[in-house]
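Read off the chains here:
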Number of protein chains: 2
Amino acid sequence: MPPVTAGVKARSRRGGGRPTIADVASKAGVGAITVSRALREPERVSPRLRRQIMAVVDELGYVPDRNARALASARADVIGVLVPSLTNNVFADVVRGIYEGLDQNHLQVQIGNTHYSQEAEEELLQTFLSQRPSALIVSGIDQSPAATALLERADCPVVQIMETGPDPVDMMIGFSHYEGGRAATRHLIEAGYRRVAFIGARMDPRSERRLAGYRAAMEEAGLFDERLVTTTVRPSSVTTGSELFREALAKAPALDAAFCNNDDMALGALFECHRQGRAVPSEIGIAGFNDLEMMQIAYPSLTSLRTYRYEMGRRAIAMALEAIAGRRPAEPVVDLGFELIVRESTRR
Amino acid sequence: MPPVTAGVKARSRRGGGRPTIADVASKAGVGAITVSRALREPERVSPRLRRQIMAVVDELGYVPDRNARALASARADVIGVLVPSLTNNVFADVVRGIYEGLDQNHLQVQIGNTHYSQEAEEELLQTFLSQRPSALIVSGIDQSPAATALLERADCPVVQIMETGPDPVDMMIGFSHYEGGRAATRHLIEAGYRRVAFIGARMDPRSERRLAGYRAAMEEAGLFDERLVTTTVRPSSVTTGSELFREALAKAPALDAAFCNNDDMALGALFECHRQGRAVPSEIGIAGFNDLEMMQIAYPSLTSLRTYRYEMGRRAIAMALEAIAGRRPAEPVVDLGFELIVRESTRR
DNA sequence: AGATTTATTGGTAGCGCTACCGTTCCCTTG
DNA sequence: CAAGGGAACGGTAGCGCTACCAATAAATCT
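Given the structure is predicted, the values throughout are model-derived calculations rather than measurements.

Account for the sheet that holds strand E2 (residues 108–113) of chain A, with residues named and values stated.
Residues and elements named next belong to chain A. Ordered in space as E2-E1-E3-E4-E5-E11, the six strands form an open sheet in which the pairing is parallel. Either end of the sheet is taken by a strand with one partner, and the two such strands are E2 and strand E11 (333–335). Neighbour-to-neighbour, the strand axes of the sheet open up by a mean angle of 15°, direction not taken into account. As judged from the four bridges shared by strand E3 (residues 135–139) and strand E4 (residues 158–163), these two strands associate in the parallel manner. Looking at the pairing, Ile137 lines up with Val159 of E4.

Now the structure itself:
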C-alpha cells in the first residue's frame, strides 16, 4: 500500500527560495522597515501603504522568519512552560488553560517536562533562556537555588504556578495545598470517620504539604496515627491507588476512610472497595483531591477538593501577557483557593 | 504575605550582557568559528583546544543564542507537533512518547493544538514553518489540500501519526481505526451479544472509521440497525459516556452491549449501568477503545482495544531523528497494529 | 509668519551565529 | 625532496530582520 516514493524529504540549504522582507519591500516600492512596521504595528503606517504592502504580502505568500525576528529584536515569540509531568491530568488541565489563554496571540508555547527533577529543571531553564523567551511559567515554588538565580536574572516576566508561598520570583498564582489537605481531612472527621488514612503517591512537595495539612487536621482532632499514612514515590495512577489502598488496609485493618492525594488514587481505592465488597460510604469513606471530571460520575460519586487548574493556566498566561505588554498586573500574587465538593462517597 | 517587591520584571534591550561566542573566542585565544565547532562537532577540534574552550565556556557561563544559531544555519532546533487535543488522554500519551523519545537530544518540542479544525491546522503550520523547524509531526491523514501542500513544500521531514493510510506526505506511523472498530465489534458478537450499540463522541475522522468498522462487522453478522448507533459532536468524556449511553437505551431499549469509541465513554457507560442496576457483563456488555490504564482496574474490568500510543510517539520521533540525520528510515510507513484485551465486561 | 510638534517613511548598522572557502602545518608517499 | 593529502583552525560574509536615528512633510501652536 505505501508507495515507494515515501521516504525522507531532503533538507535544502539556506534560503529555500522563500521570499524575504526585501522582496516584499521592493515589489511594493517601499523600504523594508515599512513592511516590518506594516506587519507588527499597522497603525503606524498610512492606510494606503498598508493595503499596498499587505497585497504584496499575500501575493508572494510572505511569512516573516521568526528566527531572524528573534535575533534582531532579542526576543523570541515563545513562552516557556516548565511542568513536572505531562501524564498527570492536573498539569494537562493547566497546560490546556495556558494554550487557550493564549488563543489568537502570535506567541507560541514551549513545554518542558522536568520529570519532578530539579536538575532537569535547571537544564531546561538554560535551554529556554537561550532563546530569550517572552515569558516563563514554572511549576511550584521549590526550585533549586541555581534555578532561582536563573529565574531572577532572566530578563523576562516569570510566573510561578500551582502553589502560593512567600518570596515569589516575580509573579505567582496557585493555592495552598496545606490548607486543601487540612480541609478535606476535617470534612472526613466531621462526617464521622475516625480512622482516616492518608494515601499518597509521587510525594512531590505539593503532596507533602497536603499530607502536612492532613496531619494537622488529624492532630487537632486527636486522631493522628503514623500507621494511617501510606505513601510511595511511584507515580500516582488508578492502579497505584488500588495497590496502596490494599497496603493501607494491611497496615491498619480498622481504617474507615481514606484521603487520597489525588483523584486517580481515589478512583483506584474505590474500585478496590468494590472488589473487596466493602461498602462506600457506609464502611469506608473516600475523598480525593483536584475534582477531576470523573469524580461526579463514579458510582458512588466521589468527594473531592476542587482546584482551579484550567483557570490557573489561563490566568498565568494573562498575567504573563500583561507583563510582556509592560503593564504591572494589579495583583502579582494570586491565591485561587479551592472548594470541597462533598458527594456520596463520604455521606454516611 | 506577598512582599511588595513582587511585580513585573523589566525587559531590557539588546544584549542583556550575556557573553557571546566572540567573548569566549577572545578569552580562549581562538577564532569564533572554532568555539562554534567545539560546541557542535567536538571531534573536529583538537582535544587540547577543546578543553581550553570548554573551560572558558564554563567560566563565562556561555550559552549559545538559539535564535542566532537558527538564523545562521537556516534551521531551528525545534520539532513542531500538531495534535487536535491536549485534554484527550490518547494524545497526552503520544505527546509523552514524543518527549521521552527526544530525551537527551538538544531539540525542543513545540506543540500546536488544532482543536480538530483544519483551518487552525493550516495556520499553525504556517507559524511553525516560519521558524524552519527540524521536523514536523502531524496527527492524522485528513489534512486540507492547503495544509498538504505546505507539508509537501516544507523542507524538513514530516511524520504523520495516529493512522495509516495511502499517500503519506513523507513518513507515517499509526494503525487502522477501521480494523480496530471491526475487531472490537466482532468480539462482542462472538461473545454472544446481538444488539450491539455504537456510542461515539467527537466524531473526528478516526472515530468515523471506527464506526465504519463497527458497521462492517455488524452487517457481516446481519445485525446492523441504524437505531443502535448514537453519536454526538461533543467532546468525549466520562460524563458524555453516561449521557450517550442513556440516549442509546432510550432509542434501543433492548440493546445488550455497547462498543464505545473510546475508554472515557466506556467508563461513563459502566457507571451508568451501576447506577441503573444493570449487570455488566450479564445484561450489558461494554467494550472501549485505546485501553487506558483504568480499564483493568475498573470494576468489573473493562474490555478494550489496546493501541500503542506511547510507542507511536517514541517511534515518530525516532523516525524524525533518523531523517534529520539524513538517514532514510528502514520503513517510512509503519503500522503499529492493536490488540483486543478481553476482560470481565464482555465475558458472560 | 515663524517655531514647534506630529505623523510617516527610510537608511544604517548590527543582532550572534554559522556556511563557505582559505590558510597553515604536518605527515605520507613515490 | 618535492608533491600531494589531510587535519586543524580562521576570516569573511552573510542569514533576515528590527532598533535607532534621521529626514521629510504635514499639522499645530504662539
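So much for the structure itself; the text now carries on.
Describe in detail the pattern of salt bridges, supporting the description with residues and values.
One pass over the structure, following the stated rule, counts 44 salt bridges over all chains. The salt bridge partner of B:Asp204 is B:Arg206, with a shortest N-O separation of 3.5 Å. The exposure class of B:Arg206 is buried, given its relative accessible area of 6%. The partner of B:Arg215 in a salt bridge is B:Glu219, and the shortest N-O contact between them spans 2.9 Å. With a gap of four residues between them, B:Arg215 and B:Glu219 both fall in helix H9 (residues 205–220), about one helical turn apart. Given a relative accessible area of 35%, B:Arg215 falls into the partly exposed group. The structure contains a network of salt bridges with shared partners spanning A:Asp142, A:Glu163, A:Asp204, A:Arg206 and A:Arg209.

Explain the protein's contact with DNA strand D to me, using residue names and the numbers behind them.
Every one of the 27 residues lining DNA strand D counts as a neighbour, but A:Ile21, A:Ser36, A:Tyr62, B:Thr34 and B:Ser46 are closest to it. The side chain of A:Arg40 places a nitrogen or oxygen atom 3.2 Å from a phosphate oxygen of DNA strand D. Between DNA strand D and B:Gly31 there is a distance of 2.8 Å, counted from a phosphate oxygen to a backbone nitrogen or oxygen. Within the residue set of the surface near DNA strand D, elements represented by two or more residues are helix H2 (32–40) and helix H4 (66–73) of chain A together with helix H2 (32–40) and helix H4 (66–73) of chain B. Considering each element in turn, the surface near DNA strand D owes the most residues, five residues, to H4(A). Looking at the surface near DNA strand D residue by residue, the classes come out as 13 nonpolar, seven polar and seven charged.

Rules behind the numbers
- Residues numbered from 1 in each chain as written.
- Chains lettered and ligands numbered in written order.
- Predicted model: local features only at pLDDT ≥ 70, side-chain atom pairs only at ≥ 80, totals over all residues.
- Heavy atoms only, no water.
- Pairing = 2+ DSSP bridges.
- Helix = DSSP H or I, 4+ residues; strand = E, 2+ residues; numbered from the N terminus.
- Axes fitted to C-alpha atoms, helices over the stretch in contact; angles between N-to-C directions.
- Salt bridge = Lys/Arg side-chain N within 4 Å of Asp/Glu carboxyl O.
- Buried < 20%, exposed > 50% of the residue type's maximum accessible area, 1.4 Å probe, protein only.
- Near = heavy atom within 4 Å.
- Polar contact = N/O pair within 3.5 Å; in protein donor to acceptor, adjacent residues only side chain to side chain.
- Nonpolar A, V, L, I, M, F, W, Y, C, P; charged D, E, K, R; others polar.

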